[in-house]
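Next come the chains, spelled out residue by residue.
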Amino acid sequence: MTEYEAIIGLETHIQLNTETKIFCGCKADSWDDAPNTNICPVCSGLPGSLPAPNRAVVEKAVRLAHAMNADIQTESYFDRKNYFYPDLPKGYQITQYDKSIARGGHMDVPMPDGSTRRVGIHKLHMEEDAGKTRNEKGRRLIDFNRCGVPLIEMVTGPDIRSADEAAEYLIRLRQLLRWLDISEADMEKAHLRADANVSIRVKGETVFNTKTEIKNVNSIEGVRAAVEKEIARQIQAYESGEKIEAWTLDWDENTQTLRKMRSKETEADYRYFKEPDLLAVHLDEEWLSGLLADFPELPLARRLRFIEQYGLPEYDANILTSERSLSDYFEAAVAAYGGDAKRVSNWMMNDVLKLLNERGLEAGALKLTAEGLADIIKLVDANTVNTPTGKSLIEKAHDSGKTPQEIVESEGLAQVSDDSAIRDIARQVIAANPDNVEKYRGGKDSLIGWFVGQVMRESGGKADPNMTRAVLEELLKG
Amino acid sequence: MTELCDLSAAELAARIRNGEARAVDALDSALARVAAVDGRPGTLDPGDLTADDQAKVHAFITLTVERARAQAEAVDKKLAQGEIPGPLAGVPFTVKDIFVVEGTPSTASSRMLANFVAPYTATPVARMEAAGAVMLGKVNLDEFTYGSSNESSAFQPHPRNPWDTSRVVGGSSGGSAAAVAAGEGALSLGTDTAGSIRQPAAFCGVVGVKPTYGRVSRYGLIAFGSSLDCPGPLARDVTDAALMLNAIAGPDARDATAVTVPVPDYTAGIEDGVKGLRIGLSPDFFKLTYYNHESSEMEERPLPDDILAAVMQAADKLSDAGARIVENVPMPHTRYGIPAYFVISRVEAASNLHRFDGVKYGYRTADKVDDLRAMYRKTRGEAFGPQPKLRILMGMYVSAAQYSEQYYQQALKVRSLIRGDFDSVFDASGEHKLDALLTPTTPTTAFPIGDVYGDSVLMQYADQLTVTADHAGIPGLSLPGGLDAGGLPIGIQLLGPDFSEASLFRIARTYERETETAAWRSARPKVLG
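Predicted model only: the values in this text are computed from it and were never measured.

J.: I'd love a proper account of the overall build of chain B, names of residues and values included.
T.: Looking only at helices and strands, chain B features 16 helices and 13 strands. Relative to its length of 529 residues, chain B is compact, with a C-alpha radius of gyration of 22 Å against a globular reference of 24 Å. Seen along its three principal axes, the alpha-carbon backbone of chain B occupies a region of about 70 × 55 × 50 Å. The buried share among the 529 residues of chain B stands at 60%. Here the analysis covers contacts within chain B between residues at least 6 apart in sequence; of these, 75% occur between residues at least 24 apart.

Here is the structure:
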């Protein structure tokens, strides 16, 4: 049987999370706003208006370029891409064409099987978004709110070899964008958009065959599914001797199917020329070094370091570096705890993440400090509180803003490890349940757990479970 | 007695400031002059041209009388309350209808924008009003500024030359130049892309200044060639032009190309004379170049004698006043200015016209159309006049992927060479060390209406002596330099290095002073009787 490999390139559009648009002072994010409410003469292309560049856009592009190992260009230009469309109010898009802010670059994407795929970057540039067109009852409605929203277009080389790799790349890109506060990177809200170019070839060949382009996918799982479908379709077409044509395909999320939008016509001539309304983007030494000073450790590097430095399993390291404040929190907790990092990881993965997920929070928003978490683990280690009490302290500390110690004191949660006190309660429990005592003595050992539970309940959860068990076993022997 | 509308802006502002006249009096005087000489304003549907029409100036498209009166009253009120009004308080001015002004029609003299009322005000207009000047209205121009005679305006009757109403006013700031010449407003805000301030200023016998590119914000100027467009003043004398540039120059957060170089007071030192300044004469500005359709070659023609004589006479006067005249300054790329401009300006114009698609504002075809492309085609086909259409065709052609290298990129190289010509003669350590070049402004004086219109190439060559300053981005100033044998104004031009406006004003003012008593100085435009 012939083996095939897929050749995939991803064209991503990243919506930046700046306050204002790229060339005017309008609010950039219009997710919750009525159509045509965040517009002005500039972004709606009124005669006479001119673009005034937003420095924050350049700064985010520089940080992304640096993270993608690209060559940052100290002088870059904006160009006009001319075409007619009703939601493009100037009749041209201001973008970067032949002298963009960065050249080259790559990301080494770890794959679930332990391998790494180096994905090259062919293009990375800044541009403005166009508006949105909606067809309704035979009318074409246009919302200009999105006009002038800052985007970075980033295009990979044809380096991705499977649908899963495409999804992994997007997962890592999303993580990076959030890590560096460049974009909210929410595909469902189109902060991150990805079109996939897909072709196949017989494994071992080096030619590039005709590719198709998949558009309108709005989730990472959607990309995975759509690319998988398209690879299968191309293989089937190839094997039945059909010619693969350069189609543009539309992904339908509901039916999970690809639909042919149009045959790709000859490349349009956008008549690019340098935007005369803007000066060159000049990154002087001071600006650039300021932007790159204290550049944070990136998620993939931190993930590797967590594995090496703390001896964490890959699984833990992946999750703990999924989000920047979570990984910072973890490291601070490990430092405060001073003991086994894996023990801190367990508490984070089981209990802290549970709270974060339930509340929809990021670690940075926790009122329980990393030092507080370390204190809780230490209280448990020292048998000052038992494990369930320790776990309950996480939520209590977050809700009250008090330190774990304060809560333990004010609520009297310290564990009872006084032998005589436990002995008294155990005697009461034994006296009150003669039936179960008889069953236990008759050989039903598993009832010990029930007895421990009763004592714990009577003690208000404060009895040291290990000591309780030992006392009960002794008393029940008779 | 001189009417208020015939006073210079400086004199008028002084009288208003010291209580000799009120701003509303100045307004009434200007409006009376408009009523006397302007005739009917340009409209889309003018009907036949009457004999009376042919004797009038027709500078205006829109008179904004109510706005003007409110502004004038506000100035008078401020004065009455002892507040210090702006330096141009109460001075009536007009605005080329290529600038948007909030709440007023902003037409670009095109059917495309005939119904467009702007929701915001252009920066230079706002700055004039902040300086206390009173906007009288919007004046005519070639459609989208595309021309050198104002005949291409969609709003007819087009302006006619106040010196001889059978002649053109020049263009594209023709309404501006005519209004200033006829006393319909002491100052006017124009734009210069190839000579559109200086050429009509020369034809109408007024002062026109194209400042350094970026000296005046373009925000609110409906773009033609964005890398060339410069807003600037038209005025009856040099000091007024300097006063107006004081008001409109300076950085603007809304225009990334508006430079942050500090703005000097252009009137300070304006009377200081030219002693020690080096002023160059270039033979490359004393010959004309035209494209010969039949041979496809550039051919040279001599400059008309009257114009050459005016420049030489000016050189003598400046020499007498202490300037050092440097002759035989080579400016070898001057002759390529128009061909390069043909390419660069059309590429930018075609792109700048993209936004006029009938979707958002302006004209939309009244015909039923079944698809979007048909709506675009019909809208643009019906609303653009011949000049926008020609410029779109040419701009699209020379920027197409397969021709761009051959035309657009080549033209940009020529533009650099032209800039190089100026850099080398203005270089303080170079051979010529010039402070300014003295040249004629135009190849001819105002030509008869109908003589050139229709030949777009020949019309473009009317800018051949002005366009190189636009390519280079340097400042240029045209001022009256006498009258030709037919009694029509001759313009002489001063060109200087970047941001040398102050020294151009100084040289121009010196010439003005040296010729104060010349007979031609007392001649008045014929429409003024």
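Next comes the rest of the write-up.
J.: Tell me about the overall build of chain A, and name the residues and values.
T.: A tally of helices and strands in chain A yields 15 helices and 17 strands. Relative to the 2.2 N^0.38 estimate, which gives 23 Å for 478 residues, the radius of gyration of chain A is 30 Å and therefore markedly larger than a compact globule would have. Reported as C-alpha extents along the three principal axes, the dimensions of chain A are approximately 95 × 60 × 50 Å. Expressed as a percentage of its 478 residues, the buried residues of chain A come to 40%. Pairs at least 24 apart in sequence give 69% of the contacts found in chain A among residues at least 6 apart.

J.: Which residues make up the domain arrangement of chain B, and what values go with them?
T.: Residues and elements named next belong to chain B. According to the domain assignment, chain B consists of domain 1 (4-271 + 509-528) and domain 2 (338-407). Distance between the C-alpha centres of domain 1 and domain 2: 29 Å. Each side of the interface is counted separately: domain 1 has 22 residues, and domain 2 has 16 residues. Of the residues assigned to the side of domain 1 that touches domain 2, the class counts are eleven nonpolar, eight polar and three charged.

J.: Quick one: what's the story with the nonpolar core, residue by residue and with numbers?
T.: Membership of the largest hydrophobic core comes to 161 residues, with the highest contact counts inside it found for L88, V91, V134, A177, L187, A235 and I507 of chain B. Residue-level mapping places this core at the junction of two domains, with at least three residues from each of domain 1 (4-271 + 509-528) and domain 2 (338-407) of chain B. Ignoring sequence-local partners within four residues, the contact set of V91 of chain B consists of A9, L12, A13, A26, A133, V134, A186 and L187 of chain B. Among the nonpolar cores identified, the runner-up in size contains 69 residues, and I101, V198, W251 and L278 of chain A belong to it.

J.: I'd like a rundown of the interface of chain B and chain A, residues and numbers included.
T.: Across the contact, 33 residues belong to chain B and 24 residues belong to chain A. Secondary-structure elements contributing two or more residues to the side of chain B that touches chain A are α10 (337-352), α11 (372-383) and α12 (386-399) of chain B. The biggest single contributor to the side of chain B that touches chain A is α10 of chain B, with three residues.

J.: Which residues make up the sheet that holds strand β3 (residues 134-139) of chain B, and what values do they have?
T.: Residues and elements named next belong to chain B. Read from one edge of the open sheet, eleven strands run β1-β3-β2-β4-β6-β5-β12-β13-β11-β7-β10, paired in mixed fashion. Either end of the sheet is taken by a strand with one partner, and the two such strands are β1 (60-63) and β10 (324-326). Strand-to-strand, the axes of this sheet are offset by a mean angle of 30°, without reference to chain direction. Strand direction decides the pairing type here: strand β2 (residues 92-96) and strand β4 (residues 187-192), joined by three bridges, are parallel. Looking across to β4, one finds that V95 is bridged to L189. Across the face of the sheet, helix α5 (residues 123-130) comes into contact with β2, β3, β4 and β6 (230-235) while running at roughly 160° to β4.

J.: Outline the domain arrangement of chain A, supporting the account with residue identities and numerical values.
T.: Structurally, chain A comprises domain 1 (4-289), domain 2 (299-411) and domain 3 (419-476). Taken over C-alpha atoms, the centre of domain 1 of chain A sits 65 Å from the centre of domain 3 of chain A.

J.: Quick rundown of helix α2 (residues 163-179) of chain A? Include the residues and the values.
T.: Residue and element names in this part refer to chain A. In this model α2 runs 24 Å from its N-terminal to its C-terminal C-alpha over 17 residues, within 8% of the 24 Å that 1.5 Å per residue would give. With 14 of 17 residues buried, α2 lies mostly within the body of the structure. Within two residues after α2, D181 carries a phi angle of roughly 55°, on the positive side.

J.: Before we move on, can you summarise the pairing of strand β10 (residues 139-143) of chain A with the specific residues and values?
T.: Along any regular strand, the residues point their side chains to alternate faces of the sheet. Residues and elements named next belong to chain A. Of the strand pairs in this sheet, strand β9 (residues 132-136) and β10 are connected by five bridges, and their pairing is antiparallel. Note on β10: the bridge partner recorded for N135 is R140. Count of turn residues in the β9/β10 antiparallel hairpin: two residues, of which K137 carries a positive phi of about 50°.

J.: Pulling in residues and values, what's your account of unusual backbone geometry?
T.: Residues and elements named next belong to chain B. The residue after Q156, namely P157, is reached through a cis peptide bond having omega 0°. Positionally, P157 belongs in the loop between β3 and α6 (174-181). For the bond from G171 to S172, the omega torsion is 10°, close enough to zero to count as cis. You can see S172 is positioned in the loop between β3 and α6. Of note, F144 is a non-glycine position whose phi angle comes to about 55°, a positive value. The residue F144 is located in the loop between β3 and α6 in this model. Judged by local crowding, F144 falls into the buried class, with 30 C-beta atoms found within 10 Å. If you check the backbone angles, T145 has positive phi at about 80° while not being a glycine.

J.: Summarise the environment of F23 of chain A; cite the residues concerned and give the values.
T.: Residue and element names in this part refer to chain A. Relative to the assigned elements, F23 resides in the loop between β1 (4-15) and α1 (55-67). Along the chain, F23 and V198 lie 175 residues apart, while their C-alpha atoms are 34 Å from each other. With sequence-adjacent residues up to four places away left out, F23 is seen in contact with V42, C43, P51, A52, P53, N54, I94, E128 and G148.

J.: Just give me the short version of the confidence of the model for chain B, but keep the residues and values in it.
T.: Per-residue confidence for chain B averages 97 on the pLDDT scale, and 100% of its residues sit at or above 70. Scoring of the predicted complex yields 0.92 for pTM and 0.96 for ipTM.

J.: Which residues make up the environment of Y363 of chain B, and what are the values?
T.: With respect to the helices and strands, the residue Y363 of chain B is situated in the loop between α10 and α11. Once residues within four sequence positions are removed from consideration, Y363 of chain B is found in contact with R111, M112, A114, N115, G358, T379 and A383 of chain B.

J.: Describe in detail the pairing of strand β8 (residues 116-128) of chain A, supporting the description with residues and values.
T.: All names here are of chain A. Bridge analysis of strand β7 (residues 106-110) against β8 gives five bridges, and the strand direction is antiparallel. Bridged to D108 within β8 is R118. Counting the residues between successive antiparallel strands, the hairpin from β7 to β8 contains five residues, one of them, G114, with a positive phi of roughly 95°. Looking at chain direction, β8 and strand β11 (residues 150-156) are connected through seven bridges and run antiparallel. Bridged to E128 within β11 is P150.

J.: Can you tell me about the packing of helix α9 (residues 370-381) of chain A against helix α10 (residues 387-400) of chain A, naming the residues and giving the values?
T.: Residue and element names in this part refer to chain A. At a minimum axis distance of 9 Å, the contact between α9 and α10 shows a crossing angle of 160°. Relative to α10, the element α9 is oriented roughly antiparallel. Note that α9 runs across α10; the crossing there is right-handed. Across from G372, I376, L379 and V380 in α9, the residues of α10 making contact are T387, G390, L393, I394 and A397. Looking at side-chain class alone, the contact of α9 with α10 contains six nonpolar, three polar and no charged residues.

J.: Please set out the environment of K90 of chain A residue by residue, giving values where relevant.
T.: Its place among the elements puts K90 of chain A in the loop between β4 (79-82) and β5 (92-95). Judged by local crowding, K90 of chain A falls into the buried class, with 24 C-beta atoms found within 10 Å. Linking K90 of chain A and E221 of chain A, residues 131 residues apart in sequence, is a C-alpha distance of 35 Å. Not counting residues within four places of it along the chain, the set of residues in contact with K90 of chain A comprises G45 of chain A together with H354 and R355 of chain B.

J.: Got a sec to walk through helix α2 (residues 23-37) of chain B? Specific residues and values, please.
T.: All names here are of chain B. Spanning 15 residues, α2 covers 21 Å between terminal C-alpha atoms, matching the ideal 21 Å at 1.5 Å per step. All buried positions along α2 are accounted for by A23, A26, L27, A30, L31, R33, V34 and V37. Buried residues of α2, viewed axially, fall in a sector of 155°; they line one side. Against the buried residues of α2 lie α1 (9-17), β1, α4 (65-80), β2 and β3. Immediately beyond the C-terminal end of α2, within one or two residues, lies G39, with a positive phi of roughly 70°.

About the cut-offs
Residues numbered from 1 in each chain as written. Chains lettered and ligands numbered in written order. Predicted model: local features only at pLDDT ≥ 70, side-chain atom pairs only at ≥ 80, totals over all residues. Helix = DSSP H or I, 4+ residues; strand = E, 2+ residues; numbered from the N terminus. Rg over C-alpha atoms; globule rule 2.2 N^0.38 Å. Buried ≥ 20, exposed ≤ 12 C-beta atoms within 10 Å, placed from the backbone. Contact = placed C-beta atoms within 7 Å. Domains from an automatic or database assignment. Nonpolar A, V, L, I, M, F, W, Y, C, P; charged D, E, K, R; others polar. Core = buried A, V, L, I, M, F, W, Y, C linked by C-beta atoms within 7 Å. Pairing = 2+ DSSP bridges. Axes fitted to C-alpha atoms, helices over the stretch in contact; angles between N-to-C directions. Expected span 1.5 Å × (residues − 1). pLDDT = per-residue confidence, 0-100. Parallel < 35°, antiparallel > 145°, perpendicular 65-115°, else oblique. Left-handed = near helix turned anticlockwise from the far one by under 90°. Arc of directions from axis to C-beta.

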